[in-house]
Amino acid sequence: MPEAGPGCGHEHGVDKAAVRSPHPSRCAAVVLAAGASSRMGQVKAALPLREPWGAPAGEAAIARIVRLCGPVGRTIVVLGHHEAVIRAHVKGVDFARNP
């Protein structure tokens, strides 16, 4: 079976995910990003990702997840630890705080 990637025949949503759907939806994406990342030793959500399938180089993990949630409509990012760092990487979403 061929690997997924450029030219594999599947659409991976990289370009389409950046555009929010013009149709209202009753669905929402909830992204859990409240963890302390204590075993990782750094903010896991802020780690830069490699360039798969045309994704921006160095894009933070949380930014890519939020971008790929774009077609769903509303995206809610749940914050806790490292709130300021995570907020700096994402725009155009709603936030919820987990105390």
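Residues numbered from 1 in each chain as written. Predicted model: local features only at pLDDT ≥ 70, side-chain atom pairs only at ≥ 80, totals over all residues. Heavy atoms only, no water.

*Asks:* I tried to follow the overall build of the chain on my own but got confused; where do I start?
*Replies:* A count of helices and strands for the chain gives two helices and three strands. Ordered by position from N to C terminus, the α and β elements of the chain give β-α-β-α-β. Counting contacts in the chain only where the partners sit at least 6 residues apart, residues at least 24 apart contribute 58% of the total. When the accessible surface of the chain is summed, it comes to about 6,900 Å², and 57% of that surface belongs to carbon and sulfur atoms. (Helix = DSSP H or I, 4+ residues; strand = E, 2+ residues; numbered from the N terminus. Contact = heavy atoms within 4.5 Å. Areas by Shrake-Rupley, 256 points an atom, 1.4 Å probe, with all protein chains shown as cover.)

*Asks:* Explain the nonpolar core to me, please; I cannot follow it from the model alone.
*Replies:* Generally speaking, a soluble globular protein has its nonpolar side chains buried in company with each other. In this structure, Ile62, Val66, Val77 and Ile86 are the most contacted members of the largest nonpolar core, which totals 15 residues. Secondary structure elements with two or more residues in this core: strand S1 (28-33), helix H1 (61-68) and strand S2 (74-79). The residues touching Ile62, leaving out its near neighbours within four places in the chain, are Val31, Ala33, Ala45, Val77, Ile86, His89 and Val90. (Core = buried A, V, L, I, M, F, W, Y, C linked by side-chain atoms within 4.5 Å. Buried < 20%, exposed > 50% of the residue type's maximum accessible area, 1.4 Å probe, protein only.)

*Asks:* Honestly, the sheet that holds strand S3 (residues 94-97) in this entry has me stumped. Any pointers?
*Replies:* Strand order in the open sheet formed by three strands is S1-S2-S3, and the pairing between neighbours is parallel. A strand with exactly one partner marks an edge of an open sheet, and here the two such strands are S1 and S3. Each strand axis lies, on average, 25 degrees off the axis of its neighbour in the sheet, ignoring direction. Strand direction decides the pairing type here: S1 and S2, joined by six bridges, are parallel. Paired with Ala33 across the bridge in S2 is Leu79. (Pairing = 2+ DSSP bridges. Axes fitted to C-alpha atoms, helices over the stretch in contact; angles between N-to-C directions.)

*Asks:* Help me out: how do you make sense of H1 in this one?
*Replies:* Residues three or four positions apart in an α-helix share a direction because the helix packs 3.6 residues into each turn. Most of H1 sits inside the fold, with six of its eight residues counted as buried. Turning to H1, its buried residues number three or more, namely Ala61, Ile62, Ala63, Arg64, Val66 and Arg67.

*Asks:* Just to check I follow, could you spell out unusual backbone geometry for this structure?
*Replies:* Glycine aside, a negative phi is what most residues show, and trans is what most peptide bonds show. Backbone geometry at Ser37 places phi at a positive 55 degrees, although glycine is not the residue there. Tracing the chain through its elements places Ser37 in the loop between S1 and H1. A positive phi angle, near 60 degrees, is found at His82, a position not held by glycine.

*Asks:* How do you make sense of the environment of Ala29 when you look at a structure like this?
*Replies:* By the secondary structure assignment, Ala29 is in strand S1. Separated by 37 residues in sequence, Ala29 and Val66 place their C-alpha atoms 8.6 Å apart. When residues no more than four places from it in sequence are discounted, the contact partners of Ala29 are Cys69, Val72, Arg74, Thr75 and Ile76.

*Asks:* For this particular structure, what's the right way to read the pairing of S3?
*Replies:* Each regular strand carries side chains that alternate between the two faces of the sheet. Judged from the four bridges that link them, S2 and S3 form a sheet pairing that is parallel. Its bridge partner lying in S3, Leu79 is registered against Arg97. Read from S2 through helix H2 (residues 83-89) to S3, the crossover connection turns out right-handed. (Right-handed = clockwise from strand over helix to strand, strands pointing away.)

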